[in-house]
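Listed here are the chains, written in short residue letters.
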Amino acid sequence: MMRSRIRTHTLEARLEISGVTVQQQRVAFIVSNVAPSVTITQPTAGRSFCTGENVIFRALAGDTDGSVAESGLRWADGAATLGTGSQLAHAFATPGARTVTVTATDNDGATRTDRVNITVSACTNTAPTPGITNPPDAPGSGSDLDVYPSTSDEHGVYLGITLQGTASDAEDGPIPDADMIWTTSRADLQPGGPSSGAQQIGTGRSPSVRLYSSCGYPLYGDHTITLTVTDSAGNSRSMNRMIRVNTVC
Ligand SMILES: [Ca+2]
Ligand SMILES: [Ca+2]
């Protein structure tokens, strides 16, 4: 959903001879303001949560001819405002299907909205809790990690990183490494696996991975890294980090 704004400007031309105006013309023209972009990066669509559980919402916004302030990102559940900012924690009190929207408003008042559908249930066996300690969270910035690596191999420029995660569950205790799955959103950049969408890059608490980059605009090497942990009852939860792997093209 997008709403743009236009601004009207007036250009005036005047021909004067010896201080006397002999011709004068005004031209009105319209400059459009490009609407901002906004994408919900967390949670992924279709996820289910328990009542009373803190759900972390994250969004990435941009504007090619202006800017979107933190206060310009407004989260809502239907008509009810949940809060503002690029990251928001909210616990739903009642079960049911929810469509959560985030609306980005740029410095000229144009808006764009993204939405995510989630389900809130009254859980009996609670879901496990994932955590990512490397890279650490950097709320408010475009990426949690933004690097220009000098390492490369036959597949291109890559960042070598040891991801660090945690996972615990109220009923199970620590989650086994095999039930901690790491993926990247950029299968198109990674060797092997599928050519688009998400690709698994590791398992466990500290997988060492290579994240590749690209010269292709506008995505470059923007990886959304997701840790998904699953308990013995089949409940799963995810957490994301944004890693930008730049390359000089
Ligand atoms: Ca704009
Ligand atoms: Ca559990």
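Relevant structure appears above.
Novice: How would you explain the sheet that holds strand β12 (residues 129-134) if you had to name every residue and give the values?
Specialist: The sheet built from three strands is open, its strands ordered β12-β16-β17 with antiparallel pairing. Each of the sheet's edge strands pairs with one partner strand only, and the pair in question is β12 and β17 (173-174). In this structure, β12 lies alongside strand β16 (residues 164-169), joined through five bridges in antiparallel fashion. Paired with T129 across the strands is S168, a residue of β16.

Novice: Tell me what's going on with the coordination of the calcium ion (ligand 2), and back it up with residues and numbers.
Specialist: Within the protein, N125 (OD1), T126 (O), D169 (OD), D169 (OD), E171 (OE) and D231 (OD) serve as the donor atoms for the calcium ion (ligand 2), at 2.3 to 2.6 Å. Geometry at the calcium ion (ligand 2) is irregular, judged from its six donor atoms and the angles of 51 to 169° they form at the metal. Coordination of the calcium ion (ligand 2) draws on donor residues from a single chain, spaced N-T-x42-D-x1-E-x59-D in sequence. You can see T126 sitting in the loop between β11 (111-121) and β12 and its partner E171 sitting in the loop between β16 and β17, a full 45 residues away along the chain.

Novice: I'd like a description of the pattern of salt bridges, backed by residues and values.
Specialist: Enumeration over the complete set of coordinates arrives at eleven salt bridges. In this structure, R14 engages E12 in a salt bridge whose closest nitrogen and oxygen atoms are separated by 3.6 Å. Here E12 falls in the partly exposed class, since its relative accessible area comes to 37%. A network of salt bridges, in which partner residues are shared, links E12, R14, E16 and R26.

Cut-off values and rules
- Residues numbered from 1 in each chain as written.
- Chains lettered and ligands numbered in written order.
- Predicted model: local features only at pLDDT ≥ 70, side-chain atom pairs only at ≥ 80, totals over all residues.
- Heavy atoms only, no water.
- Pairing = 2+ DSSP bridges.
- Helix = DSSP H or I, 4+ residues; strand = E, 2+ residues; numbered from the N terminus.
- Donors = N, O, S within 2.8 Å, 3.2 Å for Na, K, Ca; no water.
- Tetrahedral: all angles 85-135°; square planar, octahedral: opposite > 155°, others 65-115°.
- Salt bridge = Lys/Arg side-chain N within 4 Å of Asp/Glu carboxyl O.
- Buried < 20%, exposed > 50% of the residue type's maximum accessible area, 1.4 Å probe, protein only.

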